[in-house]
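Structural characterization, general
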Amino acid sequence: MISVHDATRESAVGDLATFRTELHRCLSARADALFELADAVLCADGPVRSLPALSLVAEHRRGHGALYDALGAGRIDVQRLRTVVASTPIPRAADGRIVLAVDVTCWLRPEAHTVPERILCHTYGRGKDQHIGVPGWPYSFLVALETGRSSWTAPLDAIRLVPGADLAAVTAGQVRDVVGRLIAAGHWRPGDLAIWVVMDAGYDAARLAWLLRDLPVRILARMRSDRVLRRAPRPWVPGPRCGRPPRHGTEFIFGDPASWDTPDVTTVTETRLYGTATARAWYRLHPRLTRRAAWADCPELPILEGTVVRLDVQRLPSGATAKPVWLWWSTGADPAADPDTAMVNLLWQAFLRRFDIEHTFRLFKQTLGWTVPKLRDPHAADRWTWLIIAAHTQLRLARPLAADLRHPWERPAQPERLTPARIRRGFRHLRPTTTCPAGAPKPTRPGPGRPPGRPNRQPTRRHDVHTVTSSDTTNQKPNNKKMTNPRPRRTG
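This one's a predicted model, so the numbers in the text were calculated from it and none came from an experiment.

Our focus in this paragraph is the packing of helix H8 (residues 356-367) against helix H9 (residues 378-397). In the contact formed by H8 and H9, the axes pass within 11 Å of each other and the chain directions differ by 115°. If you check the angle between H8 and H9, you find them roughly perpendicular. As H8 packs across H9, the resulting crossing turns out to be right-handed. Across from Thr360, Leu363 and Phe364 in H8, the residues of H9 making contact are Ile388, Ile389 and His392. Residues of the contact of H8 with H9, tallied by class, amount to four nonpolar, two polar and no charged.

For the rest of this paragraph, the subject is the packing of aromatic side chains. Evaluation of the coordinates by the stated rule reveals 17 aromatic pairs. Taken together, a centroid distance of 5.6 Å and an interplanar angle of 55° make the contact between Trp107 and Trp370 tilted. Linking Trp107 in strand E3 (residues 99-108) with Trp370 in the loop between H8 and H9, this pair joins segments that are 263 residues apart in sequence. Of the two residues examined, Trp107 and Trp370, each falls in the buried class. If you follow Arg213 out to its NZ or CZ, it ends over the ring of Trp210, 3.9 Å from the centre. Sitting above the plane of the Phe355 ring, Arg354 keeps its charged end 4.7 Å from the centroid.

Turning next to the environment of Asp69. Residue placement: Asp69 occurs in helix H3 (residues 64-73). Distance from Asp69 to Ala380, taken between C-alpha atoms, is 10.0 Å for residues 311 residues apart in sequence. Setting aside anything within four residues of it in sequence, one finds Asp69 in contact with Arg30 and Gly74.

Attention now goes to the confidence of the model for the protein. Confidence in the prediction for the protein averages 87 pLDDT; 90% of positions are at 70 or higher. Predicted confidence is poor over residues 332-336, with pLDDT under 50, and the contacts of this stretch with residues over four places away or in other chains come to three contacts. Note that pLDDT drops below 50 for residues 470-476; the model gives that stretch zero contacts with residues more than four away or on any other chain.

Next up on the list: the pattern of salt bridges. Tallied over the full model, the rule gives 32 salt bridges. The residue Arg61 makes a salt bridge to Glu36 at a minimum N-O spacing of 2.7 Å. Residue Arg61 is located in the loop between helix H2 (31-43) and H3, and its partner Glu36 is located in helix H2; the two are separated by 25 residues in the primary sequence. Among the ionic pairs, Arg399 bridges to Glu146, the shortest N-O distance being 3.2 Å.

Attention shifts here to the pairing of strand E12 (residues 275-286). As defined by bridge partners, strand E9 (residues 228-231) adjoins E12 across two bridges and the pair is classed as antiparallel. Residue pairing for E12: Arg230 is matched across the bridge by His286. In terms of strand pairing, strand E11 (residues 265-271) meets E12 through seven bridges, oriented antiparallel. Bridge pairing in E12 links Thr271 to Gly275.

Our focus in this paragraph is H2. Spanning 13 residues, H2 covers 18 Å between terminal C-alpha atoms, matching the ideal 18 Å at 1.5 Å per step. Extensive coverage of H2 is indicated by the burial of 12 of its 13 residues. Where H2 is concerned, the buried positions are Ala31, Ala33, Leu34, Phe35, Glu36, Leu37, Ala38, Asp39, Ala40, Val41, Leu42 and Cys43.

Position of Thr123 relative to the elements: it lies in strand E4 (residues 119-124). A distance of 2.5 Å separates the side chain of Thr123 from the backbone oxygen of Ile132, its partner in a polar contact. In this structure Thr123 touches Leu108, Gln130, His131, Ile132 and Val134, once residues within four positions along its chain are discounted.

Now for the nonpolar core. In this structure, Leu54, Leu100, Leu156 and Trp384 are the most contacted members of the largest nonpolar core, which totals 129 residues. In terms of residues, this core owes the most to one element, H9, which gives 11 residues. Beyond its immediate chain neighbours, meaning those up to four positions away, Leu156 contacts Val85, Ile90, Leu100, Leu142, Val143, Ala144, Val178, Arg181, Leu182 and Trp386.

Calculation criteria
- Residues numbered from 1 in each chain as written.
- Predicted model: local features only at pLDDT ≥ 70, side-chain atom pairs only at ≥ 80, totals over all residues.
- Heavy atoms only, no water.
- Axes fitted to C-alpha atoms, helices over the stretch in contact; angles between N-to-C directions.
- Helix = DSSP H or I, 4+ residues; strand = E, 2+ residues; numbered from the N terminus.
- Parallel < 35°, antiparallel > 145°, perpendicular 65-115°, else oblique.
- Left-handed = near helix turned anticlockwise from the far one by under 90°.
- Contact = heavy atoms within 4.5 Å.
- Nonpolar A, V, L, I, M, F, W, Y, C, P; charged D, E, K, R; others polar.
- Phe/Tyr/Trp six-rings, centres within 6.5 Å; stacked < 30°, edge-to-face > 60°.
- Buried < 20%, exposed > 50% of the residue type's maximum accessible area, 1.4 Å probe, protein only.
- Lys NZ or Arg CZ within 6 Å of the ring centre and 35° of its normal.
- pLDDT = per-residue confidence, 0-100.
- Salt bridge = Lys/Arg side-chain N within 4 Å of Asp/Glu carboxyl O.
- Pairing = 2+ DSSP bridges.
- Expected span 1.5 Å × (residues − 1).
- Polar contact = N/O pair within 3.5 Å; in protein donor to acceptor, adjacent residues only side chain to side chain.
- Core = buried A, V, L, I, M, F, W, Y, C linked by side-chain atoms within 4.5 Å.

And the structure:
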């Protein structure tokens, strides 16, 4: 009888044990309580509905007071934890490249008037399908995507957007730091395929491509359907009355098919969910920049050329009306870098994979209880966020180890197709077989607290919600002119 060792399972056991050990070392204060709190999130029965209820989980050997004290007075070496998370195995696309997705999700706190640094967060569907601003903490998450239809991603970083923060600058710094850590961990080497960063509308893709031009990064972003881009100018012939060379060519109006001309690449693909998918690509299109906002101090406005892809599908799985999707890909002005037919198909397929990050957000909020605690300190919210990321990383490392503990009404699933929620059901059985560096709690007595009958004479300070204002709004006259076009055309 020959004994064959399963290298994949052994490596998974080692990766999980190493990560748990390094996680405990990243907890610089209240380390044991924070570590057991993360284990309680992973081993709790069902979704996390209450933060103090986690103290009743068997894996959490401390009381609810120690739980709140760990979040309030604990410390996490976030920079070291970022490095540890980036050193874990990273999922890749089918061609071997790393595909990152970035998006902002909100921790809503509408009635928390004593919570500082709240911002009006964009929400949709709260009452007759309207866009409503709700106070809360917005977080920018950056995850690594894997190939195929999956609810798995690899969260690599999370940053809370403070009031007045520039989303493009924060995202550029976040991508730069994550790519640097991936290169330092050996996930990307010179000669490998460029890293793709996929994002939805709302990001200034051209500006991000300009800020990250020194990195092996390509930006793929969705654009609004009312944008207007410019083509490259025609060859200029000098003459006495020709003026200076033009910087911009003719307009490419997304809403005007007459301005499109013949696309450079056209692909037709038959899909199971969307029917016939038609993609058309136009090379060397750029926005017309103006000296406003982020480009106000730029000495010379650059020409940020890219490839525009229009995707039309026959139907949607939900039955809704299928609208066209406009994508912008930063390829530069080199014609040799322009995508071919296969690359155009990879572009829109990679954008569809971006929606996997929505499954991660739903898992964080509905299963792991990311937005459940009613914390007052935003720094405590940051600690809780990184504990959730650490818990999700342990689920990802435990994928080759967990068994399918399905409910009787659920269909069986292959081991490689198990969802994070199913992996979490069996994590309690995996925990005794791996490293548990947290020490046993020491006996103590609770403090006396405030004497009975004495009121609190130090009321908590109340904070206003941050709103974007202009410094000269007091001198502006109200504009009572009725707008004939409620959605003006964009010029860049």
